[in-house]
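So the chains spell out like this:
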Amino acid sequence: MSVARFTDEPARRDLIEPGHLTLEQATTLPRIAIEAVMPTLHEGRFAAKAIVGRAVTVDARIFADGHDKLAAAVYWMVEQDAGSAVFGEQGWHRVDMRDLGNDAWQAQFVPPQSGRYRFRIQAWWDHFGSYRYELSKKHAAGVPISLELQEGDILLEQALGRAEGEARAAIESLLQRFRAAGNDDERVAVVLEPEAAKAMAVVDPHDHRARSPEYPLDVERPLAEFASWYELFPRSQTDDPQRHGTFRDVLPRLPAIRDMGFDVLYFPPIHPIGRAHRKGPNNSLHAGPDDPGSPYAIGSEAGGHEAIHPQLGSVDDFLELVRAAEEHGLEIALDFAIQCSQDHPWLQQYPGWFAWRPDGTIRYAENPPKKYQDIVNVDFYAEDAIPALWQALRDVVAGWVELGVKIFRVDNPHTKPLPFWEWMIGDIRRQYPDTMFLAEAFTRPAMMARLGKVGFSQSYTYFTWRNTKAELSEYFQQLNEPPLRDCYRPNFFANTPDINPYFLQHNGRAGFLIRVALATMGSGLWGMYSGFELCEAEPVPGKEEYLNSEKYELRPRDYNAPGNIVAEIAQLNRIRRQNPALHSHLGLTLYTAWNDNILYFGKRTEDRKNFILVAISLDPDNAQEAHFELPLWELGLADDASTRGEDLMNGHTWTWHGKVQWMRIEPWKQPFGIWRISADTLA
């Protein structure tokens, strides 16, 4: 008689030396293999990313020896320490998996809230499913089945003994109808009913049950994947370059930022600025008495990372700004920069958190060839720094979250220890699941991906330096493929206070429209630093830096200046909001346009009801023409079919006939086209 084994725990293959499997180990290993589980990162070492309210698709390869049928299910839950007592107390939720063929299985579940989840897969021998399959084949082939029907009677009788409540009533009814059937055909019909499979599945003994490891899942709110960021310096919100702006001066700007379609209003550091080695205009080493200094030189006698620069206003002023921004549909994001001016209180209070040189001085920060004489760094692994420094930095973030800030842009996270980020972000998100972190990491691809794995919600990208069709095509494809697809959400910032891209410096208004079209259409996340809408681009000669950088001086602006692209930005953001296909960088497909100066791609929802095509000329000076292909095959249409097109920038509509079409883009008018396409019969 066969012995049914139950493998309640995942097989500890890590304890089995390859080639040295013992008999005892062999008899306890599961017969059912569960492999290639997705979504996972490093076999569960890191949490895969997901979004609240959006289905998580779980895939796996599940198979076993022999021809018996298998059944499988996904079990998921919110971790109890993630702030969700409801799901944690109720335990695991179950979703049955579908057999897609060729050992591929799939299921979906929808996470209802932010937080850390866990899921696992269980698979088992489906005896009744195997029985039904063999019975149907033999019956259809005209093979005698009297013995098989006796076996069916036994299976139903055994199931009745295990059943309780509604399941017992259903199986009892099933058994009665099976026995009362007048002939073999009727009895076969009873056990092949879908209701019979459902009833028997409830009481299946789960023979040879195998269970995968538990895999973590980090579920965040939609703003982690779809948002438009606007960066400004509150101190420059003034009409007089001699008067320091305040939080209250930002309030009148909120409606205009909202009307441009932004979701996130991001401030560089708002903390007290040190005096020691303060930088002057254009990063000069000598500051005048009225020069404001760099906000990244954090700390003075007024406080450190937990404090507000006195010239910006009070805590109450900040709270009023957070409240007013929320009323305009904006969230405030703050810069979390782990660096200190030499006036930071920590240097006096906790000198053991820093690395001192033999002569008693402290080394200032450098990023060759750039030098930051006004900044010093903490030493995460100094003897006195563990755990006190780590906890203090965590408490800084928690303090701002308590004041209503849920989004943090982190300065240069790749220069700080990865274990710190993994601990700190995890600890904050256990307390405050809606908190998000953006990594300002322009560094090596492996490090950028790792930051996503340890918990960063999104990241700055190489997009800033991808300009040609070949460069952009390759980069868009990389973002849609493993490993980046599974751990990295790209935020296509078009410019930053530190980066004045060469492409923008001499290409005028058309150049800015090209870059904003690429950013808004290429990713669900994008951002811009104020002044972009005015096409500001005056550089330090030969460098990707702004002349008269706002990092070192106040910079009032006329946001209605001639030549601005405010209306275009607003319409692009409106298009993004109205079209779900544009809510992520994922799903971007490159299509054929026979011109190396035109990047042509599309995005669509899974049901194809929202299908967007984008064509962007990368030449800001000359008209470009191209024949291009409409992706009729993705709509299930023949090459000669008709489709309806709609220009989403101006609302014009037309009918396309056939697959190959022609375009002409004139950059002095508009260097891009954004079209919504649908089958003509559905338009």
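Right, let's walk through the structure included here. Fair warning: this is a prediction, and the values are worked out from it, not measured in the lab.

Points about helix α6 (residues 184-191)
Piece 1. Burial in α6 covers these residues: Arg187, Val188, Val190 and Val191. Within α6, the buried residues cover an arc of 155° as seen down the axis, which keeps them to one side.
Piece 2. Packing partners of the buried residues in α6 comprise α3 (127-141), α4 (146-162), α5 (165-180) and α7 (194-202).
Piece 3. Sitting at the head of α6, Asn183 places a side-chain oxygen 3.1 Å from the backbone nitrogen of Asp185.

Digging into the sheet that holds strand β11 (residues 227-231)
Piece 1. One open sheet accounts for 8 strands, arranged β18-β17-β16-β13-β12-β11-β20-β19; its pairing is parallel. Strands with a single pairing partner mark the edges of an open sheet, and in this sheet they are β18 (458-459) and β19 (491-493).
Piece 2. With 5 bridges joining them, strand β16 (residues 407-411) and strand β17 (residues 436-440) adopt parallel strand pairing. Looking across to β17, one finds that Ile407 is bridged to Met436.

Focus: the packing of aromatic side chains
Piece 1. According to the stated counting rule, one finds 41 aromatic pairs in the structure shown.
Piece 2. Centroid distance Phe318 to Trp400: 5.5 Å. Interplanar angle 80°. Geometry classified as edge-to-face. On the criterion of sequence distance, the pair formed by Phe318 in helix α10 (residues 315-327) and Trp400 in helix α12 (residues 388-402) is long-range, its members being 82 residues apart.
Piece 3. With relative accessibility at 0%, the residue Phe318 sits in the buried group.
Piece 4. Aromatic side chains Phe336 and Trp421 sit 6.3 Å apart centroid to centroid with 80° between the ring planes, which places their arrangement in the edge-to-face category.

Quick look at the nonpolar core
Across soluble globular proteins, nonpolar side chains have a tendency to be buried as a group.
Piece 1. Formed by 108 residues in total, the largest nonpolar core has its most connected members in Phe318, Phe336 and Trp421.
Piece 2. Excluding residues that lie within four positions of it along the chain, Phe318 makes contacts with Phe247, Ile270, Ile308, Ile332, Leu334, Trp400, Leu403 and Val405.
Piece 3. In terms of nonpolar packing, the next biggest core, distinct from the first, is built from 27 residues, Ile32, Met97, Tyr117 and Tyr215 among them.

Analysis parameters
- Counting of residues starts from 1 at the beginning of each chain's written sequence and follows it residue by residue.
- In keeping with the model being predicted, local features are shown solely for residues with a pLDDT of at least 70 and side-chain atom pairs are shown and tallied solely at 80 or more, while totals for entire chains, interfaces and linings include all residues.
- Each side-chain value is derived from all of the structure's non-hydrogen atoms; neither hydrogens nor water enter the calculation.
- Three exposure classes are used, based on accessible area relative to the maximum for each residue type with a 1.4 Å probe and protein chains only: buried under 20%, partly exposed in between, and exposed over 50%.
- Secondary structure elements follow DSSP: runs of H or I of four or more residues count as helices, runs of E of two or more count as strands, with numbering from the N terminus.
- The arc in question is the one spanned by the directions pointing from the helix axis to the C-beta atoms.
- The contact criterion used throughout is that any non-hydrogen atoms of two residues lie within 4.5 Å.
- Pairs of N or O atoms are called polar contacts if they sit within 3.5 Å, as long as, within protein, a hydrogen donor faces a hydrogen acceptor (for residues adjacent in sequence, only side-chain-to-side-chain pairs).
- Here, any two strands with at least 2 DSSP bridges between them count as paired.
- Any two rings among Phe, Tyr and Trp, with Trp reduced to its six-membered ring, count as a pair given centres within 6.5 Å; such a pair is stacked if its planes are under 30 degrees apart, edge-to-face if over 60, and tilted if neither.
- Put simply, buried Ala, Val, Leu, Ile, Met, Phe, Trp, Tyr and Cys residues joined by side-chain atoms within 4.5 Å make one nonpolar core.

Interpretation note: all reported values are geometric properties and have no functional meaning in isolation.
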